[in-house]
Amino acid sequence: FLFATMGDFESVGKAFVEHYYKTFDAPGGRAQLGSLYQETSMLTWEGQKMQGAANIVQKLTSLPFQSCTHHVSTMDCQPSGQTGGIIVSVTGQLLVEGEQHPLKFSQVFQLMPAGGNFFVLNDIFRLNYA
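Rules used in this analysis
- Residues numbered from 1 in each chain as written.
- Predicted model: local features only at pLDDT ≥ 70, side-chain atom pairs only at ≥ 80, totals over all residues.
- Heavy atoms only, no water.
- pLDDT = per-residue confidence, 0-100.
- Contact = heavy atoms within 4.5 Å.
- Buried < 20%, exposed > 50% of the residue type's maximum accessible area, 1.4 Å probe, protein only.
- Helix = DSSP H or I, 4+ residues; strand = E, 2+ residues; numbered from the N terminus.
- Core = buried A, V, L, I, M, F, W, Y, C linked by side-chain atoms within 4.5 Å.
- Arc of directions from axis to C-beta.
- Phe/Tyr/Trp six-rings, centres within 6.5 Å; stacked < 30°, edge-to-face > 60°.

Turning our attention to the confidence of the model for the protein. Here the protein averages 92 in pLDDT, and 94% of its residues register 70 or above. Below a pLDDT of 50 lies the segment residues 1-6, which in the model reaches 17 contacts outside its immediate sequence neighbourhood of four places, other chains included.

What follows is the structure in C-alpha cells.
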C-alpha cells in the first residue's frame, strides 16, 4: 500500500481505510487484500486469531456472505512507536447482502512502514451487539 509521505499519519490512515473497505466490499475484493498483510501480520476476527497473509485472506474469503457494504462512522488515528507505525480505530455499520438491518462493527489496525509502504501488522475486528 503506497503513500506519498509517511509523515502525515491522519492522511495515511484515511487513505488506508478508504482503500481497505472499498477493496473488501468490491466483488471478489477480499481475495485482493493479501497484499496489505505480511507473514508477521495477525488478524483477530470475532475472537478467532490467525497469522500470516495467506491465513488472513483464507479467513476473509470464507466469511458466510458474498458481498457487503461498510459505512464508516468514526475513524481515529495516532502515531505509534518510534518506527513510524500508525494505529487506526474504525467504527461503523456493515450491511450484508440480503439482510435488512446493518450490524455495528469496530475494527482496529496497526499499520507499520516497510520499504516506503505500509502494511497491516495487527487487525482486530468485532461486531458490536450492545
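Take unusual backbone geometry next. A positive phi is found at E46, a non-glycine position, where the angle reads about 55°. Residue class for E46 comes out partly exposed when judged on its relative accessible area of 28%.

Note on placement: T23 falls in helix α1 (residues 9-25). Residues within four places of T23 in sequence aside, it is in contact with G29, R30, Q32 and L33.

This next bit is on the nonpolar core. Counting 31 residues, the largest nonpolar core has Y20, F24, Y37, L60, F109 and L111 as the members making the most contacts within it. Looking at this core, the elements that each hand over two or more residues are α1, β1 (37-45), α2 (53-61), β3 (68-80), β4 (85-96), β5 (103-114) and β6 (117-128). It is α1 that contributes the most residues to this core, 6 residues altogether.

With that settled, consider the environment of A53. Mapped onto the secondary structure, A53 falls in helix α2. Placed 67 residues apart in sequence, A53 and V120 show a C-alpha to C-alpha distance of 9.6 Å. Discounting residues that sit within four places of it in the chain, A53 has contacts with G34, Y37, Q38 and E39.

On to α2. Of all the positions in α2, only A53, I56, V57, K59 and L60 are classed as buried. End-on, the buried residues of α2 take up no more than an arc of 160°, which puts them together on one face. Relative to its buried face, α2 has exposed residues pointing more than 90 degrees away, namely A54 and Q58.

In total, this model carries 10 aromatic pairs according to the counting rule given. An angle of 35° between the planes, with centres 5.7 Å apart, marks the rings of F16 and Y20 as tilted. Of the two residues, F16 and Y20 are both situated in helix α1; the distance of 4 residues between them amounts to about one turn of the helix. A relative accessible area of 2% places F16 in the buried class. A centroid spacing of 6.4 Å and a plane angle of 65° characterise the contact between Y21 and F109, whose relative ring orientation is edge-to-face. With Y21 in helix α1 and F109 in strand β5, the pair connects residues that are 88 residues apart, well separated along the chain. Taking relative accessible area as the criterion, Y21 reaches 4% and is therefore assigned buried.

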